[in-house]
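# Secondary and tertiary structure notes
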Amino acid sequence: MPYDDFRGFLQALRQEGQLLHITDEVMPEPDIAAAANAAPRLGDHAPALYFDNVKGFTDARIALNVHGSWANHALALGLPKETGTKEQVEEFIRRWDTFPVAPEWRENPLWAENTLEGEDADIFRVLPLIRLNDGDGGFYLDKAAVVSKDPADPGNSGKQNVGIYRIEVKGRRTLAIQPVPMHDIAQHLHTAEERGEDLPVAITLGNEPVISIVASTPMEYEQNEYELAGALRGAPAPLARAPLTGLPVPWGSEVVIEGVIEGRKREIEGPFGEFTGHYSGGRNMPVIRVDRISYRTDPVFEHLYLGMPWTEVDYLIAANTCVPLYKQLRRDFPEVQAVNAMYTHGLVVIVSTKKRYGGFAKAVGMRVLTTPHGLGYAATVIVVDEDVDPFNLPQVMWALSTKMNPAGDLVQIPNLPVLELAPQAVTPGITDKLIIDATTPVAPDSRGNYGTQVRDLPEAGEWLARLRKLAGTR
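Reading the values: the criteria
Residues numbered from 1 in each chain as written. Predicted model: local features only at pLDDT ≥ 70, side-chain atom pairs only at ≥ 80, totals over all residues. Heavy atoms only, no water. Core = buried A, V, L, I, M, F, W, Y, C linked by side-chain atoms within 4.5 Å. Buried < 20%, exposed > 50% of the residue type's maximum accessible area, 1.4 Å probe, protein only. Helix = DSSP H or I, 4+ residues; strand = E, 2+ residues; numbered from the N terminus. Domains from an automatic or database assignment. Contact = heavy atoms within 4.5 Å. Polar contact = N/O pair within 3.5 Å; in protein donor to acceptor, adjacent residues only side chain to side chain. Pairing = 2+ DSSP bridges. Axes fitted to C-alpha atoms, helices over the stretch in contact; angles between N-to-C directions. Patch = residues over 30% accessible without salt bridge, like charges linked within 9 Å, V, L, I, M, F, W, Y side chains within 5 Å. Areas by Shrake-Rupley, 256 points an atom, 1.4 Å probe, with all protein chains shown as cover. Salt bridge = Lys/Arg side-chain N within 4 Å of Asp/Glu carboxyl O. Parallel < 35°, antiparallel > 145°, perpendicular 65-115°, else oblique. Left-handed = near helix turned anticlockwise from the far one by under 90°. Nonpolar A, V, L, I, M, F, W, Y, C, P; charged D, E, K, R; others polar.

### Let's talk about the nonpolar core
The tendency in soluble globular proteins is for nonpolar side chains to be buried side by side. The biggest cluster of nonpolar side chains holds 106 residues, and the ones touching the most others in it are Leu10, Val351 and Leu419. A total of six residues in this core trace back to one element, the largest contributor, which is helix α9 (residues 319-332). Built from parts of two domains, this core gets at least three residues from each of domain 1 (6-309) and domain 2 (318-438). Setting aside its immediate chain neighbours within four residues, Leu419 contacts Val180, Met182, Phe275, Leu347, Gly376, Tyr377 and Gly429. With 29 residues, the next largest nonpolar core counts Leu127, Ala144, Val146 and Ala192 among its residues.

### Things to note about the side chain of Lys362
For Lys362, the position within the fold is in helix α10 (residues 360-368). What makes Lys362 buried here is its relative accessible area of 15%. A polar contact of 2.8 Å, which involves the side chain of Lys362, links it to the side chain of Asp437. If sequence neighbours within four positions are ignored, Lys362 has contacts with Gly408, Asp409, Val411, Ile435, Asp437 and Arg447.

### Comments concerning the sheet that holds strand β2 (residues 48-51)
Taking strand neighbours across the sheet as the criterion, the four strands line up as β1-β2-β3-β18 in an open arrangement whose pairing is mixed. Taken across any chain shown, the strands that pair with only one partner, and hence form the sheet edges, are β1 (19-22) and β18 (301-302). Summarising the sheet, β1 and β2 pair through four bridges and their orientation is parallel. Bridged to Leu19 within β2 is Ala48. In the packing of helix α2 (residues 31-38) onto the sheet, the strands contacted are β2 and β3 (62-64), and the crossing angle to β2 comes to about 165 degrees.

### Some points on the environment of Val255
The topology assignment puts Val255 in strand β14 (residues 255-269). According to the relative accessible area criterion, Val255 is buried, its value standing at 1%. Between the C-alpha atom of Val255 and that of His73, which follows or precedes it by 182 residues, the distance is 22 Å. Setting aside residues up to four positions removed in sequence, Val255 forms contacts with Val126, Leu127, Ile203, Thr204, Leu205, Ile293, Ser294, Tyr295 and Pro299.

### Some thoughts on a nonpolar patch on the surface
Taken together, Trp463, Leu467 and Leu470 make up a surface patch of nonpolar side chains, about 310 Å² in accessible area. For Leu467, a relative accessible area of 47% translates into the label partly exposed.

### Concerning the pairing of strand β23 (residues 430-438)
For strand β21 (residues 380-385) and β23, the ladder comprises five bridges, and the chain directions are parallel. Across the sheet, the residue bridging to Val381 is Ile435, located in β23. In the sheet, strand β22 (residues 410-417) pairs with β23 via six bridges, with the strands oriented antiparallel. Bridging across to β23, Ile413 finds its partner in Lys433.

### So, the packing of α9 against α10
In contact at an axis separation of 10 Å, α9 and α10 are set at 130 degrees when each is read in the N-to-C sense. Judged by the inter-axis angle, α9 sits oblique to α10. Judged by the sense of rotation from one axis to the other, the crossing of α9 with α10 is right-handed. Listed contacts from α10 to Leu325, Leu329 and Asp332 of α9 are Val364, Arg367 and Val368. Split into classes, the residues belonging to the contact of α9 with α10 amount to four nonpolar, no polar and two charged.

### Some remarks on the pattern of salt bridges
Where charged atoms from two side chains of opposite charge approach closely, those side chains can pair. A full pass over the atoms with the stated rule returns 39 salt bridges. The salt bridge involving Arg94 is made with Glu91; its shortest N-O contact spans 2.9 Å. Within this pair, Arg94 and its partner Glu91 are both found in helix α4 (residues 85-96), separated by three residues, close to a single helical turn. The shortest N-O distance in the salt bridge between Arg173 and Glu119 comes to 2.8 Å. With Arg173 in the loop between β9 (167-171) and β10 (174-177) and Glu119 in the loop between β5 (114-117) and β6 (140-141), the pair connects residues that are 54 residues apart, well separated along the chain. Via salt bridges that share partners, Glu119, Asp122, Arg172, Arg173, Glu262, Lys265, Arg289 and Asp291 belong to a single interconnected network.

### Digging into the side chain of Asn207
Tracing the sequence through the fold places Asn207 in the loop between β11 (199-205) and α6 (209-215). For Asn207, a relative accessible area of 2% gives the class buried. Separated by 3.0 Å, the side chains of Asn207 and Thr204 make a polar contact. Separated by 2.6 Å, the side chains of Asn207 and Ser253 make a polar contact. Leaving out residues up to four positions away in the same chain, Asn207 has contacts with Phe6, Ala145, Ser212, Pro250, Ser253 and Glu302.

Geometry only, nothing functional implied.
If you want it as structure tokens, here you go:
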């Protein structure tokens with residue numbers, strides 16, 4: 001049964017033993033962020049955290065690490081919490097095959113219980129804001145889904161966007177947003193500014209868990225995130241119209257903030273401890289004017305800790321980065337077997353593929369760099385043979401150790417785009433990228449001396465099952 005609102009998922013996590021309610025009084029800083037920093041270290045079954053006794057706040061409700069383990073990610077998809085990583089990626093692929101699933105429009109959205117408008121739209125009256133890392137330049141909304149439309153084609157639902165972007169709170173009605181140039185919202189803003197217009201946006205917080213997953217999925221420009229949510233949920237995503245902007249927003253959100261990105265206006269935003277495990281510096285970023293805030297009574301503020309991987313963000317953007325890359329590559333190269341882009345938001349991508357002829361693996365690697373994800377994120381692509389599991393890092397290291405010869409298997413491509421947050425870029429936004437061919441050469445490529453490869457004994461699979469059964473009874 002899919003979840004229609006955030007609180008329904010929190011209840012499911014509680015019933016599954018995956019929600020830790022911390023009743024002791026805690027300091028807003030550093031306790032809450034430090035707990036969220038530590039939680040993923042509990043392993044693949046780390047719980048979500050829920051705080052409602054925060055010193056200095058009245059009636060604050062803060063949830064973190066909601067997607068912060070493979071167990072929680074599985075429950076978000078309606079799978080048993082024991083479902084393994086690779087199995088979750090495979091199920092994600094199967095559900096993608098049912099995409100698109102049209103959303104369902106509903107009346108009386110849960111977020112419409114309370115409203116602040118105009119000068120009364122004070123974000124500090126609604127959200128218990130805290131910093132995540134001690135070097136952050138201010139308070140951030142870092143797990144909000146931002147909804148926008150292409151100003152040149154607003155009736156085209158394929159060109160609307162639902163994305164997660166870091167948003168700094170600059171004042172009671174002022175926010176700063178970082179739209180990475182490769183992301184759809186940056187294209188929407190560029191179009192609006194060319195037309196001399198502001199860009200209307202709706203910012204939704206405390207969303208049902210699949211909305212957060214699709215909002216952080218690198219889809220193609222004319223693919224609709226809500227239609228992917230329906231495929232992943234196995235049921236249409238429930239939507240409602242935001243009253244001021246008319247934008248489609250999740251029906252069950254805790255908070256909906258409406259306003260505009262003000263055209264041609266920029267303010268310093270940052271620094272912020274990012275998913276790269278490094279702080280980003282301050283940069284001029286677009287400014288959002290808040291005009292209306294709608295919210296549930298006693299809203300739950302969902303926060304997301306980012307820092308040195310792995311943290312919650314790494315679970316949130318793992319499977320949903322692998323799958324679109326896999327689907328996009330398979331359209332051009334049906335030989336591709338699997339894609340692992342789970343590490344640091346896919347700055348490294350590992351692809352396993354069959355090969356038609358010599359040089360084929362390098363061509364697959366170059367195609368990765370021209371996908372929507374590859375343009376902004378993939379800095380290194382490792383290509384391995386079809387019998388190497390890209391999710392099994394010891395196997396990948398074996399391929400690198402025995403198949404890759406730097407004399408011909410490293411392809412360095414200069415001056416390609418990358419998001420400005422990538423710390424390895426000498427000039428922010430531009431970097432050299434690397435393709436590593438760790439596959440066995442095939443004709444007419446005849447390099448190396450590869451004899452017959454050692455294969456698993458035919459009985460090994462049977463014995464593996466037998467040993468697991470025996471070990472489980474001990």
